[in-house]
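Results of the structural survey
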Amino acid sequence: MTGDTHARRPPAHGTPGGLGTMVGAFFALLLVLFIGNGFAVHALLSYDDAAAAKLETLDRMRVLGLQAALHSVRLTDASQVRDAQFGHGVDVFNRGLTAFEHGGVVAGREVPPLIEPRLQAYLPKIRRDWTSFRNRAQSVVLASYSSQGTSGEGMAGAAPAVLRQWLIDDANVLLQSLQALGNELQQSAQQRRAAIPWLGAGLLAADLLLLLLAFVLVRRHLVVPLRKLYHSCQDLMRGHYGTRVDYKGSGELSELANAFNSGAQRIQELLETTRKDRLGLERSDTIFRGLAVNSIVGIYLAEGDRFSFVSAKMAEIFGYTPQEMIDTLPVLGVIVPRERYLAAESLKASLKRKDGTVRYERRGRRKDGTVIDIEVFSSALQTGGTTAIIGIVQDITERKRVEASAQLAGIAYENSSEAIAVTDAAGVIMDVNPAYARITGGWPDEVVGETLPLLKPGRHNRDFYDAMWHAINTTGRWEGEYWNQRKSGEDYAERVVIDTAWNHDGSVNCRVAIVSDITAKKHAEKQVWWQAHHDPLTLLPNRQCFNDRIARSVERAAAGGLPLALMFLDLDGFKAINDSMGHAVGDQVLTEVAQRLRSCSGEAAFVARLGGDEFVVLLDDVRDQDQVDDLRLSIMRGVTAPYVVAGESLRVSASIGIALYPKDAEDKDILLRHVDLAMYAAKAEGPNRHRYFDENMRTRARMLRDLIQGLPRALADGQFFMVYQPIYEMGTGRLFEAEALLRWNHPEFGIIRPMEFLPMAEDRQLISRIGDWVLERVAAQAASWRARHGLGLRVAVNVSPAQLEGGEDNRLCWLECLRRHGLAADDIVLEFSERALAGLGAGALANLQTLRDAGMGLGLDAFGIASASMSSIGRVPADYIKLDRATTEHIVEDLQALHVCEAIILLAHKLGVQVIAEGVASAAQHELLLRVGCDAGQGYWYDEPLEPGELERRLVNGRRLAIREP
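Remember, it's a predicted structure, so these values are computed and weren't measured experimentally. (Residues numbered from 1 in each chain as written. Predicted model: local features only at pLDDT ≥ 70, side-chain atom pairs only at ≥ 80, totals over all residues. Heavy atoms only, no water.)

1. A few points about the overall build of the protein chain
Of regular secondary structure, the protein chain possesses 30 helices and 28 strands. Taking all 966 residues of the protein chain together, the buried fraction comes to 41%. Taking the contacts inside the protein chain whose residues are at least 6 apart along the sequence as the reference set, 61% of them involve residues at least 24 apart. Accessible area for the protein chain stands at about 52,100 Å²; split by element, carbon and sulfur atoms hold 56% of it. (Helix = DSSP H or I, 4+ residues; strand = E, 2+ residues; numbered from the N terminus. Buried < 20%, exposed > 50% of the residue type's maximum accessible area, 1.4 Å probe, protein only. Contact = heavy atoms within 4.5 Å. Areas by Shrake-Rupley, 256 points an atom, 1.4 Å probe, with all protein chains shown as cover.)

2. Quick notes on the pairing of strand 15 (residues 614–619)
Of all the six residues making up strand 15, six are buried; the element is thus mostly covered by neighbouring parts of the structure. With burial as the criterion, each face of strand 15 is covered, one bearing Glu-614, Val-616 and Leu-618 and the other bearing Phe-615, Val-617 and Leu-619. Pairing geometry for strand 13 (residues 564–572) and strand 15, over six bridges, is antiparallel. Across the sheet, Asp-570 pairs through a bridge with Glu-614, a residue of strand 15. (Pairing = 2+ DSSP bridges.)

3. Focus on unusual backbone geometry
A cis amide bond links Tyr-661 to the next residue, Pro-662, at an omega of 5°. Locating Pro-662 in the fold gives a position in the loop between strand 18 (653–661) and helix 19 (668–684). Although it is not a glycine, Asp-621 adopts a positive phi angle of roughly 55°. In this structure Asp-621 comes out as partly exposed when scored by relative accessible area, which is 31%. Phi at Asn-688 is positive, roughly 60°, even though this residue is not glycine. Inspection of the secondary structure puts Asn-688 in the loop between helix 19 and strand 19 (690–692).

4. Some words on the sheet that holds strand 8 (residues 419–423)
On the basis of which strands lie adjacent, the open sheet formed by five strands has the order 9-8-12-11-10 and antiparallel pairing. This sheet does not close on itself; its edge strands, each paired only once, are strand 9 (429–432) and strand 10 (477–485). Averaged over all neighbouring strand pairs, the angle between strand axes comes to 25°, with direction disregarded. The pairing of strand 8 with strand 12 (residues 508–517) spans five bridges and is antiparallel. Note that in strand 12 the partner of Ile-420 across the bridge is Ile-514. Packed onto the sheet, helix 13 (residues 462–475) meets strand 10, strand 11 (491–502) and strand 12 and runs at close to 145° relative to strand 10. (Axes fitted to C-alpha atoms, helices over the stretch in contact; angles between N-to-C directions.)

5. Observations regarding the sheet that holds strand 13
Strand order in the open sheet formed by five strands is 14-15-13-18-19, with mixed pairing between adjacent strands. For this open sheet the edge positions go to strand 14 (605–611) and strand 19, each flanked by a neighbour on one side alone. In this sheet, adjacent strand axes meet at a mean angle of 20° when their direction is disregarded. Two elements, strand 13 and strand 18, share nine bridges in a ladder whose sense is antiparallel. Among the inter-strand pairings, Leu-564 is bridged to a residue of strand 18, identified as Tyr-661. Where helix 18 (residues 625–640) meets the sheet, its contacts fall on strand 13, strand 14, strand 15, strand 18 and strand 19, and the angle it forms with strand 18 comes to roughly 160°.

6. Regarding the pattern of salt bridges
Counted by the stated rule, this structure contains 38 salt bridges. Measuring nitrogen to oxygen at the nearest pair gives 3.0 Å for the salt bridge that ties Arg-556 to Asp-621. Here Asp-621 lies in the loop between strand 15 and helix 18 and Arg-556 lies in helix 15 (residues 543–560), a separation of 65 residues in the sequence. A residue is classified by how much of its surface remains accessible, and Arg-556, at 48% relative accessible area, is partly exposed. The partner of Glu-776 in a salt bridge is Arg-820, and the shortest N-O contact between them spans 2.7 Å. Pair noted here: Glu-776 is in helix 22 (residues 767–789) and Arg-820 is in helix 23 (residues 808–820), with a separation of 44 residues, a long-range link. Connected through shared salt-bridge partners, Arg-359, Glu-361, Glu-375, Arg-399 and Lys-400 make up one network. (Salt bridge = Lys/Arg side-chain N within 4 Å of Asp/Glu carboxyl O.)

7. Describing the environment of Cys-545
As for its placement among the helices and strands, Cys-545 is situated in helix 15. In the structure, Cys-545 is positioned 13 residues away from Ala-532 in sequence and 8.0 Å away in space, judged by C-alpha atoms. Excluding its chain neighbours within four sequence positions, the residues that come into contact with Cys-545 are Trp-529, His-533 and Phe-606.

8. Some points on the nonpolar core
Grouped together as the largest cluster of nonpolar side chains are 73 residues, with contacts concentrated most on Tyr-724, Val-778, Ile-828 and Leu-830. The dominant element in this core, judged by the number of residues it contributes, is helix 22, at nine residues. Core analysis: the second largest hydrophobic core is formed by 33 residues, Leu-569, Ile-577, Met-636 and Leu-660 among them. (Core = buried A, V, L, I, M, F, W, Y, C linked by side-chain atoms within 4.5 Å.)

9. A look at the confidence of the model for the protein chain
Averaged over the protein chain, the pLDDT score is 79; the fraction of residues at 70 or greater is 84%. At the low end of the mean pLDDT range in the protein chain sits helix 26 (residues 872–875), at 59; at the high end sits strand 28 (residues 936–938), at 94. Contacts for the low-pLDDT stretch residues 1–14, under 50 throughout, to residues beyond four places or in other chains number 25 contacts. Within the model, the stretch residues 148–156 combines pLDDT values under 50 with 13 contacts to residues more than four positions away or in other chains. (pLDDT = per-residue confidence, 0-100.)

10. Brief notes about the packing of helix 15 against helix 19
Across the interface, helix 15 lies against helix 19 with an axial gap of 10 Å and an inter-helix angle of 115°. Where helix 15 crosses over helix 19, the two elements pack in a sense that is right-handed. Taken together, the residues of helix 19 that come into contact with helix 15 (itself represented by Phe-546, Asn-547, Ile-550, Ala-551 and Val-554) are Lys-668, Leu-671 and Leu-672. Across the contact of helix 15 with helix 19, the residue classes break down as six nonpolar, one polar and one charged. (Left-handed = near helix turned anticlockwise from the far one by under 90°. Nonpolar A, V, L, I, M, F, W, Y, C, P; charged D, E, K, R; others polar.)

11. So, the environment of Tyr-122
Structurally, Tyr-122 is set in helix 4 (residues 122–146). Between the C-alpha atom of Tyr-122 and that of Glu-184, which follows or precedes it by 62 residues, the distance is 9.6 Å. Not counting residues up to four positions away in its chain, the partners in contact with Tyr-122 are Ala-180, Leu-181 and Glu-184.

Structure (structure tokens):
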């Protein structure tokens, strides 16, 4: 809490007339002299060099002119000159002339142009004389070359003496012009050289004058004032405090003189007042100590960074003894570390201000580490020739807490986005915040003195206000939502919280109502609810909305006793529309179906879209089943009517499942499951069908569920077994092959055919395990027949495409299985449906080709009228194809089916493939198939699927078909 008694003034570096300015000016003057002298010498040298270059170039041109004239004269005497000297001289002369006119380089030396008008006047004449001489000389040279090896009499038809005279005359004229220019250049150079001594003398005189001026200025403004200041300082040191420096200038020396005079005057005044104050100090010290002992605030005196005096109250505030604080605690030790820098700045401010007290608030730290708020008043004073700080400290922790709480409350009140109204116990408004006017439209001067609208009867019924006032009077609090009206007449929703402030005696001080405008929230909630509960495409209620509605309807039906009906619609063939015409057309169809459902169902029914092409219709208060049938027929007619979409006419049908509550279900979840079962039962019967729920559907569903759950255990528990259906050659009746058929002996449901559980096995990825088990069992059975009776029988095994999707190692295991049982690869035939083969991927086809290359047979099942293409045989060559049961059973009464069979058989034979007819159930079928060339057949007319032992007896007894009468 200490500092310097006097503030230091910054040096006036930029003051006009200051030391910095004077030194800078002096050095600037020397720099100017140095640069000026350098430029002058450089200019003289440059001019002299330029003049020498010009004279040298002119001399070279004269020499070149003479050389050109001499060569030309020799040519007139028929001398032979074959070198390039003449041409080189012409080029150099031209470059010299160009340099005089525009500047340039001649013989490696820079030649400046002639800029003086009297010198430039010679250049046109020199160029004309040079041109005349050059042209005549070039004519002589050309004539000499053209008459190579002849005498000079043939040159241009002129006598050599005449040509020679002409050349000499032109050369003389040119040399005279060059000589005249040279004389002028010499004269100009001599004049410049004559002026150089005078220029040097002038430059020296200017340098001496400037140096003299600098000396006078430095002596006057620096040496003399410093000498005066030096003598005055010596007088002051001797005790002559009335000494003053007489200096009237400006800058640092003036400030230094003024500071010296002020300091001397201050010292003189202090000495006078010290004697007067000495007696008063003792009296003031007595008064100060008396006040410090009895003060209710802390008082301290600090010198430097230590306490020199601490009152008892001051020590009590911080939890120390006065002597502890004086002996061990620095002044800033009572401030929390993060605010010590701020406290130090406040102490510096105290030292600077001699005319008042500095007040500041900081966070203090007690001896036990507790943080408190303190208020400090401090000012500087002089004690014993040093500067000290005297201060008063007050603990304001409680006051700050109250102030902070009040300030936060005020800020929240004024800046709250929620309307706040303060009322008396009866609800009469005493004050409102600015947000109240923004929300309600009522200004403070309009609503103060009025009853809060919420607290008086209005929009709501009597029970609402009775319950509100009961809560306010008993608990002092009420909160809820309320529809109110703004000053403008606009309705809005508000969320209101009313609290009561109590007096100490339990009476009501005031009530505070906090009002939030939740109109936008209500609208947003409504919009969000609608979007969350409706389908964006058809605008029908969605699954979530339907679930809420059916829950309410079931509760209502249970309470009222009237049943309800639920219809579940699934469009037939809608996927084909999406795939063939695109999803945009499909969306239009769905939108039109939704509109028709709403139109057909009327106001009494609830229509929703569950997703995809699934819709539900909920009918409450069903009187009888006729009402349900009428609604179903209306929906069927509406949905199946033609649609015109994208310029095309489409037809859509629907499968409808119907379930009734409480007849078919005990709650909504069971009702939903049962209506779903009814819909799938209707879809299984074909398009545009309907089914009411019955108990058989639930039994069937439970059976499927149990089958799915029991399928993984069937292999481990030995529930699978194999039967074999013989295949006979139609022409010979020989039993040559059998088809292995899998059966599941379920402990509860009995014998189950593969079509019932193999799709489940594929879905649960169990088909490979089951297929491997089948192959192993069939191979073992065939090996057993061969071992006991030496009889070999080829066996066909049905294979799922999923079994071929595994790695190559898995397929090689099939071949290893056959080798392990001593069977050849062609003892087993793999059967695929034509559709399954068409869907095989590249990996599955590669695995199948591996098995074919090893010798295993391949049969294609389910060929007939509905077959996609005979090209399937070309993908993997088959040993035979099987006519499907649907084709075989119609050949007797349907001539077209017979023709199709005949065509298939003919085409297969052309491809080298046998044909087996399955499902042969009569002798008539057998005879027709034999007549059109079918190779073999199987079916109940030949044999039903047999146990392995029964088939073995057939093989032992001759393996011949015993034709039975139909």
